[in-house]
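Each chain is listed here by its residues.
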Amino acid sequence: MREFTFGVEYDRGADPVMDAFDAHTALVGHSIDAPLTARSFWRIERFAGPQSVLDDIELRYERDGAAGEGVTGQFEATGRGDVLERTAEELVRYSYVSDVSVGETVQTVAGKHLADGVVLESRRRDATRWWRVLLRSDARVGVFYDDLSARLRDGLAFRMGHVGDANGWQRDALSSVSMPEAQEVALRTATEAGYYETPRRVTLDEIADDLDVPRSTLSYRLRRAEIRLVERYVDAGGDRWGDDPMSARN
Amino acid sequence: MTDRTGAPLVSAGWVVDHLEEFQRDDPSLRLIEVDIDPQNYEEGHIPGATAVDWREDLQDSTVFDVPARPSFEHLLGEHGVTADSTVVLYGDMMNWFAAYAYWLLAYYGHGDVRLLDGGRDVWTDRDAPLTKAVPSFEERSYDAASTRESIRADRPDVEAALDGDVTLVDVRTPAEYRGEILAPPGWNEGVQRGGHIPGAINVPWSNVVDDVGLFKARSNLREIYESAGVDSDSETITYCRIGERSALTWFVLYELLGYDDVQNYYGSWVEWGNTVGAPIERGQRVNVRTDDVDGE
């Protein structure tokens, strides 16, 4: 399989959902999208971030199911959806967008030009939505690229990624884990400084000095961050694939 | 303006009214579909339309150039076209290749050629009649007039334009214009260097149509180009990667807005960006407006 990656950058004010990502760097979105026809597609997206921001996003989708989908100036479609999961800091939504009557989305342009069976993956963080299109053949990538970049309305800009062999699947599932900024900073700083290398390149004291926090605070934050990652990793593929929960009652 | 008897743009309604004539084996009126994806024609086309394949028919296969005169004459003849035919063109992707075919016909001096506003997409959106039947018309003899070099620019023309007061319009995506993308994905149109011709302004080709695919109102189009610094009294050269999409912009400026002096640069960036020593500018050009517009 082949892949084509690219980003769509949003100016502030260009799209309300992307504005939320721009305003809250801790908010991340990770989706799988499947075009069904040139005018319909479904998506499953996981949002991770601060509770109040997720509340806003949930509300927005309730009010306008096709919120933020269109990349053209005008966009009209029917959007329906459902919440698959909602915890304090995570929201997983299923969306079905159909009857696109005016305008386009990345998914509809893909559905129009690319061979059946195309799958898209997207990651939203800050002001950019990165896309990864998985293709059985890249024969029509050129037309897809030209049509999509021609459709982007004012305030949206195209960023080129690459075209190549498809490489892996959701390897970075963990990087869409959201955590409070202080923990994130602690984790990144420690990693970059070589704290997690064998042998450690740096001590906690040195990192704490750098960040200008007490050692105990740094230690606490790193531990909280680590717990978050471990719990997500161990939980991945847990009971979801097991026996029918209904049968457990018998 | 092209010397012709009718308007350069026709509506879907007009085509519907002439459907019977298009289906007759009569060279006076011919309908030709030019798609970027030839499969579209096979899936259904306007009754009476024949298809031209841009890859095979609208470029010379040996030399990097527009089709040579004998091939072009043969192509048109095969489609039942004579020098007196009114030829109506349409296609997919906002008429991208249909507009290029229009420019080629104009370049070869054809008298009456028109473009269907909105192309394939507007026709299918409106559930207008479609058929899979491929018509077969009697082959005719086509004699092209002399070429109109006044609507075509080549590299020496562009080089000369650098010193003068000529407006260069780059219709590619902003990322290609700025030089961030050298090899547009999916096309064998990569270059040695990225950027744009010095002094060129960027007005992407798709700015001329609305989200439904129809050309914007002329007043709207005039505003778009004038505010970008493209005036009706300047000499203008349009270009893109090879010179196909820039033909759509050429059509708007020359045929719809009636600008006197507009040339399309065939070869465009694929030639310029691969030419040793050709000057290049990168990044975003800031347009300095010489006069303040009231209220802005």
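For clarity, every value in this text was computed on a predicted model and none was experimentally measured.

### Section: the nonpolar core
Phase 1: Ranked by size, the top nonpolar core spans 65 residues in total, and within it Leu58, Leu89, Phe215 and Tyr225 of chain B carry the most contacts.
Phase 2: Breaking this core down by element, the ones donating at least two residues are helix H4 (141–151) of chain A together with strand E2 (29–35), helix H5 (69–78), strand E4 (86–90), helix H6 (96–107), strand E5 (112–116), helix H10 (218–227) and helix H11 (246–256) of chain B.
Phase 3: The element that contributes the greatest number of residues to this core is H6 of chain B, accounting for twelve residues.
Phase 4: Non-local contacts of Phe215 of chain B, meaning those with residues more than four positions away in its chain, are made with Leu9, Leu115, Asp117, Val208, Val209, Leu248, Phe251, Val252 and Leu256 of chain B.
Phase 5: Of all hydrophobic cores here, the second largest spans 36 residues; its members include Val17, Ala67 and Val118 of chain A together with Ala175 of chain B.

### Quick notes on the sheet that holds strand E10 (residues 262–265) of chain B
Hydrogen bonds between backbone atoms are what pair the strands of a sheet, whose relative direction is either parallel or antiparallel.
Residues and elements named next belong to chain B.
Phase 1: Spatially, five strands are ordered E6-E10-E9-E7-E8 in an open sheet, and the strand pairing comes out parallel. In this open sheet, the two edge strands, each paired with only one partner strand, are strand E6 (152–153) and strand E8 (201–202).
Phase 2: Looking at chain direction, E6 and E10 are connected through two bridges and run parallel. What sits directly across from Arg152, in E10, is Asn264.
Phase 3: Helix-sheet contacts for H11 involve strand E7 (167–170), strand E9 (236–239) and E10, and the interaxial angle to E10 is about 175°.

### With respect to the confidence of the model for chain A
Phase 1: Residues of chain A with pLDDT of at least 70 account for 91%, and the chain-wide mean is 88.
Phase 2: A low-confidence stretch, residues 242–250 of chain A (pLDDT under 50), is modelled with zero contacts involving residues beyond four sequence positions or located in other chains.

### Regarding the side chain of Glu33 of chain B
All names here are of chain B.
Phase 1: With respect to the secondary-structure elements, Glu33 resides in strand E2.
Phase 2: At 2.8 Å, the side chain of Glu33 and the side chain of Arg120 are in polar contact.
Phase 3: When sequence neighbours within four positions are dropped, the list of residues in contact with Glu33 reads Asn40, Tyr41, His45, Thr50, Ala51, Val52, Tyr90 and Arg120.

### So, the sheet that holds strand E7 (residues 128–135) of chain A
All names here are of chain A.
Phase 1: If you walk across this open sheet you meet the eight strands as E4-E5-E3-E2-E6-E7-E1-E8, and the pairing is antiparallel. Two strands close off the open sheet at either side, each with one partner strand: strand E4 (76–87) and strand E8 (156–165). Strand after strand, the sheet turns through a mean of 15° between neighbouring axes, direction not considered.
Phase 2: Of the strand pairs in this sheet, strand E1 (residues 2–10) and E8 are connected by nine bridges, and their pairing is antiparallel. Across the sheet, residue Gly7 finds its bridge partner in E8, namely Arg159.

### Structural notes on empty space enclosed by the protein
Residues and elements named next belong to chain B.
Phase 1: In total, this model carries four cavities of 30 Å³ or more according to the counting rule given.
Phase 2: In this structure, the largest cavity spans a volume of roughly 60 Å³.
Phase 3: Taken together, Ile32, Val34, Val52, Leu58, Phe72, Leu75, Leu76, Leu89, Ala101 and Leu105 make up the lining of the largest cavity.
Phase 4: For the lining of the largest cavity, the secondary structure elements donating two or more residues are E2, H5 and H6.
Phase 5: Tallying contributions element by element places H5 first for the lining of the largest cavity, with three residues.
Phase 6: Of the residues in the lining of the largest cavity, the class split is ten nonpolar, no polar and no charged.

### Topic: the environment of Val100 of chain A
All names here are of chain A.
Phase 1: Position of Val100 among the secondary structure elements: in strand E5 (residues 90–102).
Phase 2: Judged by relative accessible area, Val100 falls into the buried class, the value being 4%.
Phase 3: Once the C-alpha coordinates of Val100 and Ala14 are considered, the two residues, 86 residues apart in sequence, prove to be 20 Å apart.
Phase 4: Ignoring anything within four residues of it in the chain, the contact list for Val100 reads Arg39, Phe75, Glu76, Ala77 and Thr108.

### What about helix H6 (residues 204–211) of chain A?
The α-helix winds at 3.6 residues per turn, so residues separated by three or four positions along the chain end up facing the same way.
All names here are of chain A.
Phase 1: Within H6 the residues assigned to the buried category are Leu204, Ile207 and Ala208. In an axial view of H6, the angular spread of the buried residues amounts to 100°, which keeps them on one side of the axis. In H6, the exposed positions that point more than 90 degrees away from the buried face belong to Asp209 and Asp210.
Phase 2: Backbone geometry just after H6 places Asp212 at a positive phi near 60°.

The rules we used
- Residues numbered from 1 in each chain as written.
- Chains lettered and ligands numbered in written order.
- Predicted model: local features only at pLDDT ≥ 70, side-chain atom pairs only at ≥ 80, totals over all residues.
- Heavy atoms only, no water.
- Core = buried A, V, L, I, M, F, W, Y, C linked by side-chain atoms within 4.5 Å.
- Buried < 20%, exposed > 50% of the residue type's maximum accessible area, 1.4 Å probe, protein only.
- Helix = DSSP H or I, 4+ residues; strand = E, 2+ residues; numbered from the N terminus.
- Contact = heavy atoms within 4.5 Å.
- Pairing = 2+ DSSP bridges.
- Axes fitted to C-alpha atoms, helices over the stretch in contact; angles between N-to-C directions.
- pLDDT = per-residue confidence, 0-100.
- Polar contact = N/O pair within 3.5 Å; in protein donor to acceptor, adjacent residues only side chain to side chain.
- 1 Å grid on protein atoms, 1.4 Å probe; cavity = no way out; pocket = protein on both sides within 12 Å on 5 of 7 lines; lining within 4 Å.
- Points joined across faces, edges and corners; volume = space filled by probe spheres on them.
- Nonpolar A, V, L, I, M, F, W, Y, C, P; charged D, E, K, R; others polar.
- Arc of directions from axis to C-beta.

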